[in-house]
Amino acid sequence: MAHIRLLPVPLIVSAFIAPLLHGQDKELRDFGGTLAEQITAKGRSPVAITSFTNPEYGSTFSVFLVDRLNVLLVSSNKQFEIVTRDRIEEAFREMNLALGRNYDAATFAKVGKAVGAKALVRGSFTVMSGAARVSLVAQILEVESGKIIGGALADLPYTGDIRNMLSPRTATDDVDGLPPPQRPEKSLTLNGRSFSNE
């Protein structure tokens, strides 16, 4: 009679979850590496990463991305100088600007000069829940000219951890000094027919 050996549940679960977590880390490392190569090639250190915006969500995911990319950039090149997120937030407050808002390049250039950066990284993200992905877009802005001098794209798997960081904005969120976007009605009646967006 054949013996059946059962694997411990944590081992089975980790075998399925580890590739998802690894994929997210790999995508962020590649994303950070692409940014680091471009910034290094242009000789634009120190650099400051401002935020990743999406008007539908609060700032938790943006803070995660900024902090993670700061570490990835520094660890990719020991000569990199990174302006801390706290200093960036302070500069935005001093200039009466809301951090999570997507300003024009000239405004970001002023912030860069205020914090002593030669380049700024700003970005946005789009949740594609149907495709189980979160798409990231980053632009590298030269502080002196305000011009876009590089950028990177990445798609992260839409994991439970990311979903938890992507809480919808509420009336109390002050991401960009504007009220949160209006959510569409769950159903609509048009010409006697009822439609639902769920």
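Our structure is the block above this text.
Owing to the predicted nature of the structure, the values given are computational and were not obtained by experimental measurement. (Residues numbered from 1 in each chain as written. Predicted model: local features only at pLDDT ≥ 70, side-chain atom pairs only at ≥ 80, totals over all residues. Heavy atoms only, no water.)

S.K.: Kindly report on the packing of aromatic side chains, identifying the contributing residues and their values.
M.R.: All chains considered together, the criterion is met by 4 aromatic pairs. Where Phe61 meets Phe64, the ring centres are 6.1 Å apart and the plane angle is 20 degrees; that geometry is what we call stacked. With Phe61 and Phe64 both in helix 2 (residues 60–76) and 3 residues apart, the pair spans about one turn of that helix. A relative accessible area of 0% means that Phe61 is categorised as buried. Through successive ring pairs, a cluster of aromatic residues spans Tyr57, Phe61, Phe64 and Phe125. Cation over ring: Arg163 sits above Tyr158, and NZ or CZ is 5.0 Å from the ring centre. (Phe/Tyr/Trp six-rings, centres within 6.5 Å; stacked < 30°, edge-to-face > 60°. Helix = DSSP H or I, 4+ residues; strand = E, 2+ residues; numbered from the N terminus. Buried < 20%, exposed > 50% of the residue type's maximum accessible area, 1.4 Å probe, protein only. Lys NZ or Arg CZ within 6 Å of the ring centre and 35° of its normal.)

S.K.: Outline the nonpolar core, supporting the account with residue identities and numerical values.
M.R.: Formed by 32 residues in total, the largest nonpolar core has its most connected members in Phe31, Phe52, Phe61, Phe125, Val134, Leu136 and Leu166. Those elements that place two or more of their residues in this core are helix 1 (9–42), strand 1 (47–53), helix 2, strand 3 (119–128), strand 4 (133–142), strand 5 (148–157) and helix 5 (160–165). With 6 residues, the single largest contributor to this core is helix 2. In this structure Phe52 touches Phe31, Ser62, Leu65, Val66, Leu69, Gly123, Ser124, Phe125, Val137 and Ala138, once residues within four positions along its chain are discounted. Residues Ile88, Ala91, Tyr103 and Val111 belong to the second largest nonpolar core, which totals 15 residues. (Core = buried A, V, L, I, M, F, W, Y, C linked by side-chain atoms within 4.5 Å. Contact = heavy atoms within 4.5 Å.)

S.K.: Outline the environment of Ile148, listing residues and values.
M.R.: Relative to the helices and strands, Ile148 resides in strand 5. Separated by 27 residues in sequence, Ile148 and Val121 have C-alpha atoms that sit 9.5 Å apart. Leave out the neighbours within four places in its chain, and Ile148 touches Gln139, Ile140 and Leu141.

S.K.: How would you sum up unusual backbone geometry? Please name residues and give values.
M.R.: Between Ser45 and the following residue, Pro46, the backbone shows a cis peptide bond with an omega angle of 5 degrees. Note on placement: Pro46 falls in the loop between helix 1 and strand 1.

S.K.: Can you explain the pattern of salt bridges? Please cite residues and give values.
M.R.: Evaluation of the coordinates by the stated rule reveals 6 salt bridges. The shortest N-O distance in the salt bridge between Arg44 and Glu142 comes to 2.4 Å. Taken together, the residues Arg44 in the loop between helix 1 and strand 1 and Glu142 in strand 4 connect sequence positions 98 residues apart. What makes Arg44 partly exposed here is its relative accessible area of 24%. Salt bridges linked by common partners bring Asp67, Arg85 and Glu89 together as one network. (Salt bridge = Lys/Arg side-chain N within 4 Å of Asp/Glu carboxyl O.)

S.K.: Residue-level account of the pairing of strand 1, with values.
M.R.: Counting buried positions over the 7 residues of strand 1 gives 7, a clear majority of the element. The handedness of the strand 1 to strand 2 (residues 82–83) crossover, carried by helix 2, is right-handed. (Right-handed = clockwise from strand over helix to strand, strands pointing away.)

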